[in-house]
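# Examining the three-dimensional arrangement
Here is what each chain is made of, one letter per residue.
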Amino acid sequence: MIAAQAKLVYQLNKYYTERCQARKAAIAKTIREVCKVVSDVLKEVEVQEPRFISSLSEIDARYEGLEVISPTEFEVVLYLNQMGVFNFVDDGSLPGCAVLKLSDGRKRSMSLWVEFITASGYLSARKIRSRFQTLVAQAVDKCSYRDVVKMIADTSEVKLRIRERYVVQITPAFKCTGIWPRSAAQWPMPHIPWPGPNRVAEVKAEGFNLLSKECYSLTGKQSSAESDAWVLQFGEAENRLLMGGCRNKCLSVLKTLRDRHLELPGQPLNNYHMKTLLLYECEKHPRETDWDEACLGDRLNGILLQLISCLQCRRCPHYFLPNLDLFQGKPHSALESAAKQTWRLAREILTNPKRLDKL
């Protein structure tokens, strides 16, 4: 049993060195190329409208505010200033979303974003995004990379296609620190020892982002009030939770397997599903020793089996917002074929670890 476990860990480490590191290097190169173009576009936007200041910056060879969706798809979060005069309201009526409401009607004129406030006093995510989209469209025509970058039409999101190969979504957002959403109040579960009180305090202090983008739970049925809502995002908090042990190595292997074998019609799975299931696995295995290098194979198998179960049940709850289903709106047939493909992968890795050389 131990020999089989050791063999699997050996093969996974080899896979990590050969496949995952190559994926990381290729993505890092793409990011540098993409960020040059995006920075140039955002510089033009800032000239036209100083309220939209580019927050895309490189720190320790990592771009702050950039999320890798897949090797050809990225999201850049553009942090906006001065949320001050608004109250954050999340009453759970819109899973995964919240609204920003003027704390006092008399403060309307004090807001930097006065023309985007609705009659009922809400700061409209949709109105800000619509204005930003117009500015980006103009900037694309003026910037020095105009030959290689195009705006993607037919969407309310701000999306650029770069060199006909890459897609970058630029999302206006507010950073919320020092508060924690009511809709995530159940975290951490009292009976689960992970991640421990100190880490919980760090994560809650890290806070979350409010993004101006289409919400999972509202697709296809947006009323104007709902489209004024902001989407909750916990990227920094999640990254902090995944520090230590072989957690990030495990995530790297999962992302590489997804990119190579689970990029299916209907796009049932993205890297965020993998990250979410890894967080649940951390709860199931709360001890740090459960995340030693020697346990990499066991943790990976656990996550793949959990993924199959979620795909078969057609439900994958968000880690912090369990009322939000990350499979909402995905075609059932796509989830079914992903379950079958994941099962094939898990079986191959478990029964014949050497097959990882071919995966």
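See the structure above.
Just so you know, these numbers come straight off a predicted model, no measurement behind them.

Cut-offs and rules
- Residues numbered from 1 in each chain as written.
- Predicted model: local features only at pLDDT ≥ 70, side-chain atom pairs only at ≥ 80, totals over all residues.
- Heavy atoms only, no water.
- Helix = DSSP H or I, 4+ residues; strand = E, 2+ residues; numbered from the N terminus.
- Rg over C-alpha atoms; globule rule 2.2 N^0.38 Å.
- Contact = heavy atoms within 4.5 Å.
- Lys, Arg positive; Asp, Glu negative; His and termini not counted.
- Charge placed at Lys NZ, Arg CZ, Asp CG, Glu CD.
- Disulfide = S-S within 2.5 Å.
- Buried < 20%, exposed > 50% of the residue type's maximum accessible area, 1.4 Å probe, protein only.
- Phe/Tyr/Trp six-rings, centres within 6.5 Å; stacked < 30°, edge-to-face > 60°.
- Lys NZ or Arg CZ within 6 Å of the ring centre and 35° of its normal.
- Axes fitted to C-alpha atoms, helices over the stretch in contact; angles between N-to-C directions.
- Parallel < 35°, antiparallel > 145°, perpendicular 65-115°, else oblique.
- Left-handed = near helix turned anticlockwise from the far one by under 90°.
- Salt bridge = Lys/Arg side-chain N within 4 Å of Asp/Glu carboxyl O.

All right, on to the overall build of the protein chain then. Broken down by element type, the protein chain carries nine helices and eleven strands. Scaling as 2.2 N^0.38, a compact globule of 359 residues should have a C-alpha radius of gyration of about 21 Å, and the protein chain matches this with 21 Å. Seen along its three principal axes, the alpha-carbon backbone of the protein chain occupies a region of about 70 × 50 × 40 Å. Restricting the contact set of the protein chain to residue pairs at least 6 apart, pairs at least 24 apart contribute 69%. Positive and negative side-chain charges of the protein chain, numbering 51 and 41 respectively, have mean locations separated by a distance of 3 Å.

Counting across every chain of the model gives zero disulfides. Between cysteine 316, a cysteine without a disulfide, and cysteine 310, which holds the nearest cysteine sulfur, the sulfur-to-sulfur distance is 4.7 Å. A relative accessible area of 1% means that cysteine 316 is categorised as buried.

Here we take up the packing of aromatic side chains. Enumeration according to the criterion identifies 15 aromatic pairs in this entry. By way of ring pairs, the aromatic residues Phe88, Trp180, Trp187, Phe208, Phe234, Tyr280, Tyr319 and Phe320 are connected into one cluster. The aromatic ring of tryptophan 291 is capped on one face by arginine 299, whose charged end is 5.9 Å from the ring centroid.

Angle between the axes and distance between the axes: these two values describe a pair of packed helices. It is at 9 Å that the axes of helix 8 (residues 296–313) and helix 9 (residues 332–351) come closest, and there the two elements cross at 160°. Taken together, the axes of helix 8 and helix 9 lie roughly antiparallel to each other. Of the two elements, helix 8 crosses helix 9, and the hand of that crossing is left-handed. Contact residues: Leu300, Asn301, Leu304, Leu305, Leu307, Ile308, Leu311 and Gln312 in helix 8; Leu335, Ala338, Ala339, Thr342, Trp343, Ala346, Ile349 and Leu350 in helix 9.

Turning to the pattern of salt bridges, a few remarks are in order. This structure, assessed with the given rule, holds 26 salt bridges. Here arginine 240 makes a salt bridge to glutamate 206, at a shortest N to O gap of 2.8 Å. Taken as a pair, arginine 240 in helix 5 (residues 235–241) and glutamate 206 in helix 3 (residues 197–206) lie far apart in primary sequence, 34 residues in all. On the basis of relative accessibility, which here comes to 22%, the residue glutamate 206 falls in the partly exposed class.

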